Amino acid sequence: MEKKIKMTQAIIDQYGAINGDNDTIHYDADLASRRGFRGTLAHGLNIMGYAAGLAARRYGADWYTKGELYTKWIAPVCPGDNLTVSLRDDGEIEGKVDQGITMVGHARLAEQ
Amino acid sequence: MTRPSEVKPREGDQPGTPYSAFQEGAILPEMRFSITPEINDEYLAAIDEQDAECYVLDGRKVCAPNVLSVYLLAVLYRRYPPIQGIVVYDQLWRWHNPIFADETTEIVAKGKVTEKFERRGRKWLRFAAEFERADGKPIASAQHTLNLPE
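Below is a short write-up of the structure.

## A closer look at the overall build of chain A
Thought 1: A tally of regular secondary structure across chain A gives four helices and five strands.
Thought 2: Ordering the α and β elements of chain A from the N terminus gives β-α-α-α-α-β-β-β-β.
Thought 3: Taking 2.2 N^0.38 as the reference for a compact globule, 112 residues should give roughly 13 Å; the C-alpha atoms of chain A span a radius of gyration of 15 Å, in line with that estimate.
Thought 4: Expressed along its principal axes, the backbone C-alpha trace of chain A runs to roughly 50 × 30 × 20 Å.
Thought 5: Within chain A, the proportion of its 112 residues that are buried is 44%.
Thought 6: The contacts of chain A with a sequence gap of at least 6 include a subset with a gap of at least 24, amounting to 62%.

Written as structure tokens, this is what we have:
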């Protein structure tokens, strides 16, 4: 399963509104550029949310009582990036943009 | 309804916490907030899940369990206000019981700083949090690792 997103500043701003943060790296492109990034950074937890959505489809009702989600962010996602988040049959998660892998992890049902 | 911004200290709103001030083993005080259908809808829209039909359990609508993720850092930041430049590294969630999407749910969160360490010249912090209904029923457990600036 996979989900494709064309990242935009509007998506970052929308997530920031519900997230309630004021971390300038998400909103100030000049500052992000001065810190060596290609642009502002999408929230890692936003990218995690895409993976969680795939897991909810995969596991159905069990997800809400036995779900386990692990994500590790290893590279940024910036406006303009073509992001693909995938959930493999074995539960491994990967987030990828044209520049490479941005997030890894897993979504599984916990052992009872 | 509790918006995350109502309970989460924001970067720059008050003096932030230098790395030296974090204490391994520190208890993160109880935080109460409410998840409403409106908050869940706004969160679903933010992660492009607004049209998803999978959020159902036994015929009843449930919230995306990861809606709690927008509250997680508040558990830490209420004791240790943030500075600019904190980078999320990883996060582990386990869901135990659903949050239903057709009612308001009062949530109680609490946590603990579990590790503070330096590796490869960088400074790290890990904390854990538990989320329960107000009646004590467990909802979710989380662990979060952050890379903190100097």
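## A short note on the overall build of chain B
Thought 1: Counting its regular elements, chain B contains three helices and seven strands.
Thought 2: Helices and strands appear in chain B in the N-to-C order α-β-α-β-β-α-β-β-β-β.
Thought 3: In terms of C-alpha radius of gyration, chain B reaches 16 Å, essentially the compact-globule figure of 15 Å for 150 residues.
Thought 4: C-alpha extents for chain B along the principal axes are approximately 50 × 30 × 30 Å.
Thought 5: Scored against the burial criterion, the 150 residues of chain B give a buried share of 34%.
Thought 6: In chain B, once contacts between residues fewer than 6 apart in sequence are set aside, the share between residues at least 24 apart is 76%.

## A few points about the packing of helix α1 (residues 9-19) of chain A against helix α2 (residues 37-46) of chain B
Thought 1: Viewed as axis vectors pointing N to C, α1 of chain A and α2 of chain B meet at an angle of 155 degrees, and their least axial separation amounts to 9 Å. Between α1 of chain A and α2 of chain B, the interaxial angle falls into the category roughly antiparallel. Crossing of α1 of chain A over α2 of chain B shows left-handed handedness. For the pair formed by α1 of chain A and α2 of chain B, the contact residues are Gln-14, Tyr-15 and Ile-18 of chain A on the first element and Glu-42, Tyr-43 and Ala-46 of chain B on the second.
Thought 2: A breakdown of the residues in the contact of α1 of chain A with α2 of chain B according to their chemical character gives four nonpolar, one polar and one charged.

## A word on α2 of chain B
All names here are of chain B.
Thought 1: Taken together, the buried positions of α2 are occupied by Ile-39, Asn-40, Tyr-43, Leu-44 and Ala-46. Seen along its axis, α2 keeps its buried residues to an arc of 160 degrees; they face one direction.
Thought 2: Just downstream of α2 lies Asp-48, where phi reads positive at about 60 degrees.

## Brief notes about unusual backbone geometry
Residue and element names in this part refer to chain B.
Thought 1: The phi angle at Asp-48 is positive, at roughly 60 degrees, despite the residue not being glycine.
Thought 2: Here Asp-48 shows up in the loop between α2 and β2 (56-57).
Thought 3: Asp-48 gets classed as partly exposed once you count the C-beta atoms within 10 Å, which come to 17.
Thought 4: The backbone of Arg-120 sits at a positive phi, close to 50 degrees, despite the residue not being glycine.
Thought 5: When you line up the elements, Arg-120 lands in the loop between β5 (105-119) and β6 (122-133).
Thought 6: Judged by the 5 C-beta atoms lying within 10 Å of it, Arg-120 is exposed.

## Description of the interface of chain A and chain B
Thought 1: Counting from both sides, the interface comprises 33 residues of chain A and, opposite them, 35 residues of chain B.
Thought 2: Mapped onto the side of chain A that touches chain B, the elements with two or more residues apiece are α1, α3 (44-59), α4 (63-66) and β2 (67-73) of chain A.
Thought 3: Classifying every residue of the side of chain A that touches chain B by side-chain character gives 15 nonpolar, 13 polar and five charged.
Thought 4: In the sheet, β2 of chain A pairs with strand β4 (residues 87-95) of chain B via five bridges, with the strands oriented antiparallel. Within β4 of chain B, the residue paired with Thr-71 of chain A across the bridge is Gln-91 of chain B.

## With respect to the pairing of strand β5 (residues 100-109) of chain A
Residue and element names in this part refer to chain A.
Thought 1: Taken together, the seven bridges between β2 and β5 define a ladder with antiparallel strand orientation. Paired with Tyr-70 across the two strands is His-106, which belongs to β5.
Thought 2: Pairing geometry for strand β4 (residues 92-97) and β5, over six bridges, is antiparallel. Among the inter-strand pairings, Gly-95 is bridged to a residue of β5, identified as Met-103.
Thought 3: Connecting the antiparallel pair β4 and β5 is a turn made up of two residues.

## Focus on the environment of Gly-85 of chain B
Thought 1: Among the structural elements, Gly-85 of chain B can be located in the loop between α3 (69-77) and β4.
Thought 2: Residues Gly-85 of chain B and Arg-120 of chain B lie 35 residues apart in sequence; the distance between their C-alpha atoms is 18 Å.

Definitions and cut-offs
Residues numbered from 1 in each chain as written. Chains lettered and ligands numbered in written order. Predicted model: local features only at pLDDT ≥ 70, side-chain atom pairs only at ≥ 80, totals over all residues. Helix = DSSP H or I, 4+ residues; strand = E, 2+ residues; numbered from the N terminus. Rg over C-alpha atoms; globule rule 2.2 N^0.38 Å. Buried ≥ 20, exposed ≤ 12 C-beta atoms within 10 Å, placed from the backbone. Contact = placed C-beta atoms within 7 Å. Axes fitted to C-alpha atoms, helices over the stretch in contact; angles between N-to-C directions. Parallel < 35°, antiparallel > 145°, perpendicular 65-115°, else oblique. Left-handed = near helix turned anticlockwise from the far one by under 90°. Nonpolar A, V, L, I, M, F, W, Y, C, P; charged D, E, K, R; others polar. Arc of directions from axis to C-beta. Pairing = 2+ DSSP bridges.

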